[in-house]
Amino acid sequence: MAARSITLTAEVSQPIGTTLHDWVVTVDHKKLGILYILYALVFLLIGGIEATIVRVQLMVPNNHFVSPQVFNRLFTMHGTTMIFFVAMPILFGFANYLIPLMIGTRDMAFPRLNAWSFWLTAFGGLLLYFSFIGGNGLYGAGNAPDVGWFAYAPLTATTFSLGHSTDFWTLGLLVSGFGSIGTAINILATIICLRCPGMTLGKMPLLAWMNLVTAAMVLLAISPLTAAQIMLSLDRFLGAHFFDTQAGGSAVLWMHFFWIFGHPEVYVLVLPAFAFASEIIPVFSRKPIFGYPVMVAATIAIGFVGFSVWAHHMFTVGMNSYANSFFTITTMVIGIPTGIKIFNWIGTMWGGKIAFKTPMLFCIAFLFQFLIAGLTGIMLSAAPFDWQLGNSYFVVAHFHYVIVGGILFTLFAAFYYWFPKMSGRMYNETLGKWHFWLFLIGFHLTFDFMHIPGLLGMPRRIYTYEAGRGWDIWNLICTIGVFFQIVATLLFIGSLLWSYFNGKAAGNDPWDAWTLEWSTSSPPTEYNFAQIPVVKSRRPLWDIKHPEDPDWKYE
Amino acid sequence: MMAGCLLAVQPAFGNLPDPSQMPNMFRPASTHANSIVQLSIFVLIITALIFVVVFSLLTYSIVKFRKRADDDGREPAPVYGSNQVELAWTVIPGLIVLVLFFATARVIHAIQGARKPAGAIEVIAIGHQFWWEFRYPSLGVVTANELHVPSSDPSHPTPTFITLLSADTDHSFWIPRLAGKTDLIPNRVNHMWIDPNETGIFVGQCAQYCGTQHAKMLLRVYVDAPDQFKQWVQGQTKPAHLTNEVIEGRRIFETTACINCHAVSGTVADGHFGPDLTHLMSRDTIASGAAPNTTENLRLWIQDPDAIKPGSLMPAMKLNERDLDAVTTYLETLR
Amino acid sequence: MNSQAILLSSSSPELVWKLPSRGHVGMLSLIAAELAIFTIFVVAYLFYIGKSLTGPMPKDVLEVPIFATICLLSSSWTIHVAVKALQNGRLRTFGAWWFVTMSLGFIFLVETGREWHHLIFEKGLTISTNLFGTTYYSLVGLHAFHVVVGLIGIAIAMILILLGKVKKEHSERADVFSLYWHFVDVVWIVVFTVVYIIGR
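Here we summarise the structure given alongside this text. Keep in mind that what you see is a predicted model, and the values were worked out from it rather than measured.

Cut-off values and rules
Residues numbered from 1 in each chain as written. Chains lettered and ligands numbered in written order. Predicted model: local features only at pLDDT ≥ 70, side-chain atom pairs only at ≥ 80, totals over all residues. Contact = placed C-beta atoms within 7 Å. Nonpolar A, V, L, I, M, F, W, Y, C, P; charged D, E, K, R; others polar. Pairing = 2+ DSSP bridges. Helix = DSSP H or I, 4+ residues; strand = E, 2+ residues; numbered from the N terminus. Axes fitted to C-alpha atoms, helices over the stretch in contact; angles between N-to-C directions. Buried ≥ 20, exposed ≤ 12 C-beta atoms within 10 Å, placed from the backbone. Parallel < 35°, antiparallel > 145°, perpendicular 65-115°, else oblique.

Here we come to the interface of chain B and chain A. Contact residues are listed per partner, giving 84 residues for chain B and 82 residues for chain A. Partitioning the side of chain B that touches chain A into residue classes produces 45 nonpolar, 28 polar and eleven charged.

Turning next to the sheet that holds strand E9 (residues 200-205) of chain B. Whether parallel or antiparallel, the strands of a sheet pair through hydrogen bonds between backbone atoms. Residues and elements named next belong to chain B. Pairing within the open sheet is mixed, and its three strands lie in the order E4-E10-E9. The strands lining the two open edges of the sheet, one partner per strand, are strand E4 (146-150) and E9. Going across the sheet, the axis of each strand differs from the next one's by a mean of 25°, ignoring polarity. Two strands pair when backbone bridges link them, and E4 and strand E10 (residues 218-224) are joined in this way by five bridges, in the parallel orientation. Paired with leucine 147 across the strands is valine 221, a residue of E10. Contacting E4 and E10, helix H4 (residues 226-237) crosses the sheet at an angle of about 135° to E4.

A separate point is the environment of arginine 220 of chain B. Residue and element names in this part refer to chain B. Here arginine 220 is to be found in strand E10. For arginine 220, a count of 20 C-beta atoms within 10 Å puts it in the buried group. Arginine 220 sits 16 residues away from glycine 204 along the chain, and the two C-alpha atoms are 6.3 Å apart. With residues up to four places along the chain from it excluded, the contact list for arginine 220 reads Asn145, Glu146, Ile201, Val203, Thr285 and Gly289.

Residue and element names in this part refer to chain B. Here helix H2 (residues 31-64) crosses helix H3 (residues 83-112) at 175°, and the two axes come no closer than 10 Å. As summarised for this structure, H2 and H3 are arranged roughly antiparallel, according to the angle between their axes. Within the contact between the two elements, H2 uses His32, Ser35, Leu39, Phe42, Val43 and Ile46 and H3 uses Ile96, Leu100, Ala103, Thr104, Val107, Ala110 and Ile111. Residue classes in the contact of H2 with H3 are distributed as ten nonpolar, three polar and no charged.

See below:
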């Protein structure tokens, strides 16, 4: 008998109010996952608009598209939005949706905590954005924060940041930070306690492993930010002196606390991206992942070493030569497990039969781009080189290469790969390829050439620049690239919407894949599995499809 | 490839930038900047090699192992891993890291451990929102925004050692052709040094976001030949030039809020919040490089600073036209 | 519900699938995050020792809270005894020891309140006085806040106990909760050492 499947459209007999109510009070991991993803997509568009205005202002020297005050708010909000209200929610969304399905269980360990975490995160974002409405009021009483996404002290002190803009930043992120910790606790408990019988830690999909390490990192990385924000709020509201340099406080202490969060945070963002690549590349190469145990070990190594590199963001602060050398070597060392992963992905494709469907196209671009991003990271890790390149557009180019060229590309891959599972429909392959090529061109126009002004001395966070320094043409090219990316992103969203309503039925397993989520219907029933599966290898569906040659004989 | 671009940058349109005005780190003019370039080129070569190897492997694999049109539909042989291969691509990167690290550590220690020779010039740089204060304690010079230093001859070095302080928020001193950047942080003392080996003007700007007008906290370093530098110092240590023709302008200056922020040595003006104006006319630019130092700009700056640098902390003085002209004329005598 | 223990029937009759309990894993994860937050406050405290530009200094105003510490640390032992009693089904013993735990925690808070009253009104030390005031009130206050939260949880449980709703099968939940209480005590040992021993 056919199981009742949940679809996104309201069923004919159900009034819209009931559907909305279902979604608002849901504790189902699949619905919450989709809520996270949709929330993040909205902020992706908003953050993209902020970036576009920034790039238009920088298109030519001495431009007057926006005032310096507006520009400073825009780059602050762009960075804060993209990290906290796009990247983190969207990755948590995919984790929420996929993990229970991939480990063979019915929901996350704490479904109500899951809902609470989502709504906290959502509220945090709304609180941050409320700052825009605060308006110019009484001498800066409210408006969007303009202190940069890392909010260095003492610029954030009440002396230099009048009104409440900084408070919106602090409190919005504090609130969503609690949501992130809640989700991390949930992911940890789910993966450790709810795996289906037979799925030992050594047999679970790499996506589960990478999210496990990510969750552990979130617990230990978001907390320092939370602590620092509490301290900043005590300074601003109760006259405390944590970062009050006039009272003997230390501006550098804020930097240490912030970057102890800030650096592991980028691994929190990139490990789930690696997870997507590790699931998608094998399926489209028709081979199991090369070196599963080494991939796990490398992930754990990144988790640990990632906490030892933070002050490479502070090479110019005046630390002594021993500290600078220490952070140089730890940063270089973390390139090793990261590089190993790239080699293992190549090893996976080696000897395979690669099908260039949209998810795989995005993953292949990811491999090339992440290679470059890692290499510019090595350049930045050499402290003296960083004394020139730090705080310049070279750094901006580097981290956008990682976040857009690495993380966003694998996110697009993940969208196309799991969209059939989530919606029950196939996406349109032609539109997908258009999206890919347009975005690829736009990405490279903007971020390849952005390295050059950095090498030529252009610092970051400037609303305009002097003509004749050799920066003009490159800035123009960067801005042109933005328009390709805008068109591509709109095409992406349009194509998903079109496919949702008009795509052909996907069936359970359109990719002939091997992990448990493909054994459920598309979309899955609310309870995921009629019977909790029992597994014997890392590719349970391969074992079922190839009973003469199952994986558990060879692993 | 990028280094090549930079050593011969020719933009496709617009004014050809004067190469000496380009803050291009790959045209170093001091030992400090030069040692960074040497290290950078070494790092670039190694990363370029890694790039070529991995790029080739990637390209080869997607071309050679693509699914052909005449595919028989059979699954390829599953290969789960290989310990030897894993070892190889762990050990080799490890060795590369060691080599890179030792090369880097050498340069870190060379730059940060440099000793101050006897002939060194000492400067204290104090960062403000949004201008630079420069003091030469042993020479008795106080100036702003445009730093003059002597060129340094390796046989008889006269580098400039700069102590970096801040009066308010974080800033960063960055002249790419002369040195890597070092931050100015309140309640903290930082140090850096430069030993320029050619004369000329070197441009840079504040490189740590410090507020609304971070973008226009520009920096100019004038490297003078040693006797030129001596002349400059002499000019700077004289008290303010006083003439009777500008009595009216000087009176207005000294009886309005100007003196709360600005100093003119030898007069009652002794404010420290804004730049010292004693030798204002010896500078090529005003508002920390935001505008050339002309009569028009000076006048505009006093009347409406937001027209030049919106959000800077200089208030509009709201003088009438006559007073404005008088004050401007007075300031123009401060050579 | 206890940890998942599923007996697999068909292929391997002896294989039992037992994974850790999600309550314990969840609570330990929360404790890990909280420890990270406290670590940052402790680091700030240690970093700022001796750096206040004006007085009062710790040795001028701090009195070592021996009594409060004894109360709080013993409450770890009493909650442990309570949980053991519940695991053995001795509900009245459990309720009694639970009540003692609650009282000891409450005494600790009262003592902290008295200490703060003394510092603020008689010694003139507030969070905005100097770096010592800032780091002292924030670190001790953060800990006290966690005690308050714990006490609220204990009080709610106390009400449920008095209403007779807590049974032997809830012992795992009580055990998970007690992990939080032990964490609060461990943090106090660190805070005590840093503030009253090292920092004085």
